[in-house]
Amino acid sequence: MKHSKQESSSKVVPFTGEFYPTAPEPTPDGNNLAAFLVLVAAALIGGLSMGAIATYQSADQVQLREMKAQSQQLEKVKSQVCK
């Protein structure tokens, strides 16, 4: 036999049939808030990391890194030739 929410607020003493009130069960609000904050933090970190990866792999950034490498190589050759 299933009990409704209203029936769970009082208990029946066996064999006498008397009712007595019980304390309501506490709701775990703190756990829900903590879980929500962890979820938000994970989403924020994931979004930031995806943005950083997309920026690092963008065509402009790849070209800039190649140009820096070529510039360093040119400076090295220039210093060897001009000695």
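Just so we're clear, the structure is a prediction, and the values are computed from it rather than from any experiment. (Residues numbered from 1 in each chain as written. Predicted model: local features only at pLDDT ≥ 70, side-chain atom pairs only at ≥ 80, totals over all residues. Heavy atoms only, no water.)

Turning our attention to the overall build of the chain. The helix and strand tally for the chain stands at 2 helices and 2 strands. Going from N to C terminus, the chain has its helices and strands arranged as β-β-α-α. Within the span of the chain, comprising 83 residues, buried residues form 0% of the whole. Of the roughly 8,000 Å² of accessible surface on the chain, a fraction of 64% belongs to carbon and sulfur atoms. (Helix = DSSP H or I, 4+ residues; strand = E, 2+ residues; numbered from the N terminus. Buried < 20%, exposed > 50% of the residue type's maximum accessible area, 1.4 Å probe, protein only. Areas by Shrake-Rupley, 256 points an atom, 1.4 Å probe, with all protein chains shown as cover.)

Residues L33, F36, L37 and V40 make up a contiguous nonpolar surface patch of roughly 390 Å² in combined accessible area. Inspection of the secondary structure puts V40 in helix α1 (residues 29-56). (Patch = residues over 30% accessible without salt bridge, like charges linked within 9 Å, V, L, I, M, F, W, Y side chains within 5 Å. Salt bridge = Lys/Arg side-chain N within 4 Å of Asp/Glu carboxyl O.)

On to the confidence of the model for the chain, then. Taken as a whole, the chain shows an average pLDDT of 81; of its residues, 66% reach a score of 70 or greater. When mean pLDDT is compared element by element in the chain, helix α2 (residues 59-81) scores highest at 93, while strand β1 (residues 10-12) scores lowest at 65. For residues 1-7, every residue scores under 50 in pLDDT, and the model assigns this stretch 1 contact once sequence neighbours within four places are set aside. (pLDDT = per-residue confidence, 0-100. Contact = heavy atoms within 4.5 Å.)

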